[in-house]
Amino acid sequence: MGSVTLLLGIHNHQPVGNFESVFEEAYQKAYLPWARTLLKHPSVKWNLHCTGILWEFLESRHPEYLDIVREMAHRGQVEILTGGFYEPILATLPDADKLGQIKKLTRYIEKKFKVRPEGFWCAERVWEPHLPKALEQAGVRYTVLDDSLFQSSGIPNENLTGYYRVEDGASSVDVFPIAGPLRFMIPFQPVEKSIEYLKSLRSQDKNAVAVMADDGEKFGLWPETYKSVYEDGWLDEFFEALETHKSWLKTDTFSNARASSRPQGRAFLPSGSYPEMDKWAKGIWRNFLAKYPESNNMYKKMLRVSGKVHRSKYNQKALDRLWAGQCNCAYWHGTFGGLYYPILRQAIYRNLIEAENELDRAKKSSPPKIEAADFDGDGADDLVYESRNQNLYVSPAGGGTLFEWDFKPAGLNVLNVLTRTKEPYHNKKAAEDWHRKTALIDHFFHPETTQEAFTNLEYGEQGDFVTGAYVFELKKNSQILLKRKGWVSVGTQKVPIEVQKTIKPFPAEKAAKAQIEVSYAIKNLSEIRADFWFCSEMNLAFAVHEIKTDGPFENAESWERTDPHLQWAFAARFSQKTSGWVFPLETTANSIDGIEKTFQGLTFAPHWKFTLDPGESFQTKLMLTLSSTKDLK
């Protein structure tokens, strides 16, 4: 009978922006005990991938882990894999960033461990057919992907006991298929189940290779796994079983297995990932960009910043910030994806904005500029205003709304909230927004609308301005004039009106301040006198909220709120006494710990009631100010 070689692969990662306490918990519950257990079983070989940001944390806080890995690497017990330094979805990056991310982690591994990695860990195991070229250029010899991709290309399970050569034109890379059954057995089923599966791979005429490569966090950090894996001894028992069956079962590194055999054949793999991801993404990871406008916003921001960084003179600080802003976790949603977590999205924006700041600092002068361009790829021009202290992104075709407002001194997108989107696991009562949650959303309310009704989406929108297209004109000093002729239901009639709003950004007077003036002019185009109730909705990405100050405000000259966590403040000064509502924006999402509510920010909704005769206009202004509550250089 032939033998079986088990290739164990462990992938360890924590997202850019995650709490340091989570890094520490993962180390104490998963990364360290796994390595310590293997020290007791020196005959068991394995393969390790840690992302660059995790290596940096470990080097800073726990250099003993690097010592353990270094010892194992030098005696041939572990092989270290490279990858994108900041764990990006490689297939979606510009080519220069693909290579840069891989080379940065490869150089780190070479410096710290005195070995050159040949293997590559594909973030979230997201694969697209064009990747062999970039991997080959980066010096990668092999990677590991899920067996479901091979099955989708027509290769039967019985032939998935080795590795395949995958090509794109003249470029190629070898790919090991991960055995799906082992992924779900280890470490969740009794050890003998895995041994029985491996024994079933033995045949008369050949030696089989089986791969189990998965997240290291499932060995201790996932719910209840620390007890089962370590306290109850599952991992020790598993390694002992491997040693017991060494007459026919051995462990090895990917490179050794690759060197000792030829590819089983040529394969052309479709786009995809592991089965769970394919289900969440409806077949291809990029669908997250279509489902969630906030994901698309971050992605298009990343592409824009990447273009600016690579067009500039070499700036390693800007490159590192850009690459950190490519960390995949905040761009998608599944059981593990972090799109629903504001802290992870804000980390993306912080790094991308800091990359822009690095470019600004490298210039002697950086005057404000504004351009019309299809930023989000929806076929309509957006308006992008950029200066040293703030960036404004406006969508004329999407209700004339402000959908990104970067407060550059603090590295914040102050509109970084998430629209409430219907998910398959939601119950019927879950709120689903019918428009994106941005700023300067123009509402006309029914006379009986209440704050509760507006909060719960149970009010009647009376106008067609929320998502209607505005025409735009760029005025002097980067002012943006937006106009729309539409209608508002008043009683039984649809009254034609025109809404004009002007967004006027101010140059920085202080380094830690940004300011815009928003002017509204609403004209009655009908031949009747009519009553109107107008609201300009803004969704602000506060990290925390003070419940005692939520609710309605009346006849106010201003409204302001400070964020003690992110250390910034928002202030609105009104040209006339104004009433409004303030309430939290919360989403409901599934996670590894179950269904949870997440505070995304505050909805700030100033509103005005007025009566207009035919041809008459209502006018009001808001001075909106962002400031830092900490000392900034």
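Below: a short report on this structure. (Residues numbered from 1 in each chain as written. Predicted model: local features only at pLDDT ≥ 70, side-chain atom pairs only at ≥ 80, totals over all residues. Heavy atoms only, no water.)

So, about the overall build of the chain. Tallying secondary structure elements over the chain gives 17 helices and 26 strands in all. Taking 633 residues into account, the globule formula puts the C-alpha radius of gyration at 26 Å, and the chain, at 28 Å, falls close to it. With the C-alpha coordinates aligned to their principal axes, the bounding extent of the chain is approximately 95 × 55 × 45 Å. Here the chain holds 633 residues, and 58% of them are scored as buried. For the chain, the proportion of contacts with a sequence separation of at least 24, taken over those separated by at least 6, is 71%. (Helix = DSSP H or I, 4+ residues; strand = E, 2+ residues; numbered from the N terminus. Rg over C-alpha atoms; globule rule 2.2 N^0.38 Å. Buried < 20%, exposed > 50% of the residue type's maximum accessible area, 1.4 Å probe, protein only. Contact = heavy atoms within 4.5 Å.)

Before going further, it helps to examine the side chain of Asn 297. Inspection of the secondary structure assignment puts Asn 297 in helix α14 (residues 293-311). Setting aside residues up to four positions removed in sequence, Asn 297 forms contacts with Tyr 349, Phe 375, Phe 403, Glu 404 and Arg 436.

A separate point is the packing of α14 against helix α16 (residues 342-362). Two measures define how a pair of helices packs: the angle their axes make with one another and the distance between the axes. Running from N to C, α14 and α16 point in directions that differ by 20°, and their axes come no closer than 10 Å. When the axis of α14 is compared with that of α16, the two are roughly parallel. For the pair α14 and α16, the crossing hand works out as left-handed. Every residue of α16 that contacts α14 at Glu 294, Asn 297, Met 298, Lys 301, Met 302, Val 305, Lys 308 and Val 309 is listed here: Arg 345, Ile 348, Tyr 349, Leu 352, Ile 353, Ala 355, Glu 356 and Leu 359. In terms of residue class, the contact of α14 with α16 is built from 10 nonpolar, 1 polar and 5 charged. (Axes fitted to C-alpha atoms, helices over the stretch in contact; angles between N-to-C directions. Parallel < 35°, antiparallel > 145°, perpendicular 65-115°, else oblique. Left-handed = near helix turned anticlockwise from the far one by under 90°. Nonpolar A, V, L, I, M, F, W, Y, C, P; charged D, E, K, R; others polar.)

Taken as a whole and judged by the stated rule, the model has 48 aromatic pairs. Measuring from ring centre to ring centre gives 6.4 Å for Phe 465 and Tyr 470, while their planes differ by 65°; the resulting arrangement is edge-to-face. Note on Phe 465: relative accessible area 0%, which makes it buried. Note on Tyr 470: relative accessible area 5%, which makes it buried. (Phe/Tyr/Trp six-rings, centres within 6.5 Å; stacked < 30°, edge-to-face > 60°.)

Here we take up the nonpolar core. One finds Leu 6, Trp 55, Tyr 65, Leu 182, Leu 198 and Phe 219 to be the most contacted residues of the largest nonpolar core, which totals 120 residues. In contact with Leu 182, not counting residues within four places along its chain, are Leu 6, Ser 194, Tyr 197, Leu 198, Ala 210, Val 211 and Met 212. Within the second largest apolar cluster, 52 residues are counted, among which are Ile 516, Val 518, Phe 618 and Leu 626. (Core = buried A, V, L, I, M, F, W, Y, C linked by side-chain atoms within 4.5 Å.)

What follows deals with helix α10 (residues 234-244). Among the residues of α10, Trp 234, Leu 235, Phe 238, Phe 239, Ala 241 and Leu 242 are the ones counted as buried. Along the axis of α10, the buried positions cluster into a sector of 155°, meaning they face one direction only. On its buried side, α10 packs onto β1 (4-12), α1 (20-39), α8 (191-200), α9 (225-231) and β10 (249-251). (Arc of directions from axis to C-beta.)

Looking now at a negative patch on the surface. Where like charges cluster on the molecular surface, the negative patch consists of Glu 192, Glu 196, Glu 237 and Glu 240. Elements with a minimum of two residues in the negative patch: α8 and α10. Counting through the fold element by element, Glu 237 comes out in helix α10. Judged by relative accessible area, which is 38%, Glu 237 ranks as partly exposed. (Patch = residues over 30% accessible without salt bridge, like charges linked within 9 Å, V, L, I, M, F, W, Y side chains within 5 Å. Areas by Shrake-Rupley, 256 points an atom, 1.4 Å probe, with all protein chains shown as cover. Salt bridge = Lys/Arg side-chain N within 4 Å of Asp/Glu carboxyl O. Lys, Arg positive; Asp, Glu negative; His and termini not counted. Charge placed at Lys NZ, Arg CZ, Asp CG, Glu CD.)

Taking 1.5 Å per residue as the helical rise, helix α4 (residues 95-113) with its 19 residues ought to reach 27 Å, and the 27 Å between its terminal C-alpha atoms agrees with that figure. Inspection of α4 places Asp 97, Lys 98, Leu 99, Gly 100, Gln 101, Ile 102, Lys 104, Leu 105, Thr 106, Tyr 108, Ile 109 and Phe 113 among the buried residues, and these make up the whole buried set. Remark: Lys 114 follows α4 within two positions and exhibits a positive phi of approximately 55°. (Expected span 1.5 Å × (residues − 1).)

With that out of the way, let us pick up the packing of α4 against helix α15 (residues 316-324). Their axes nearest at 11 Å, the elements α4 and α15 cross at an angle of 100°. The angle between α4 and α15 places the two elements in the roughly perpendicular class. Contact with α4, carried on its side by Asp 97, Gly 100, Gln 101 and Lys 104, involves Asp 320, Leu 322 and Trp 323 of α15 and no other residues of that element. Classifying every residue of the contact of α4 with α15 by side-chain character gives 2 nonpolar, 2 polar and 3 charged.

Counted under the stated rule, the structure contains 40 salt bridges. Within this structure, Lys 301, Arg 304, Lys 308, Glu 356, Lys 369, Glu 371, Glu 386, Glu 404 and Asp 406 form a network of salt bridges that share partners.

It is worth spelling out the side chain of Glu 498 at this point. Along the chain, Glu 498 turns up in strand β20 (residues 493-506). For the buried Glu 498, no salt bridge exists, and the shortest N-O distance to an oppositely charged side chain is 4.6 Å, to Lys 485. If we ignore the near neighbours within four places in the chain, the residues touching Glu 498 are Lys 483, Arg 484, Lys 485, Ala 521, Ile 522, Lys 523 and Leu 525.

What follows covers the environment of Ala 210. Topologically, Ala 210 is positioned in strand β9 (residues 208-215). If sequence neighbours within four positions are ignored, Ala 210 has contacts with Thr 5, Leu 6, Leu 7, Leu 182, Leu 198 and Leu 201.

Bringing the sheet that holds strand β11 (residues 266-267) into the picture now. The strand order β4-β5-β6-β8-β7-β11 describes an open sheet built from 6 strands, whose pairing is mixed. With partners counted over all chains shown, the strands left at the sheet margins are β4 (82-83) and β11, one partner each. Summarising the sheet, strand β6 (residues 142-146) and strand β8 (residues 171-178) pair through 5 bridges and their orientation is parallel. Bridging across to β8, Val 144 finds its partner in Phe 176. (Pairing = 2+ DSSP bridges.)

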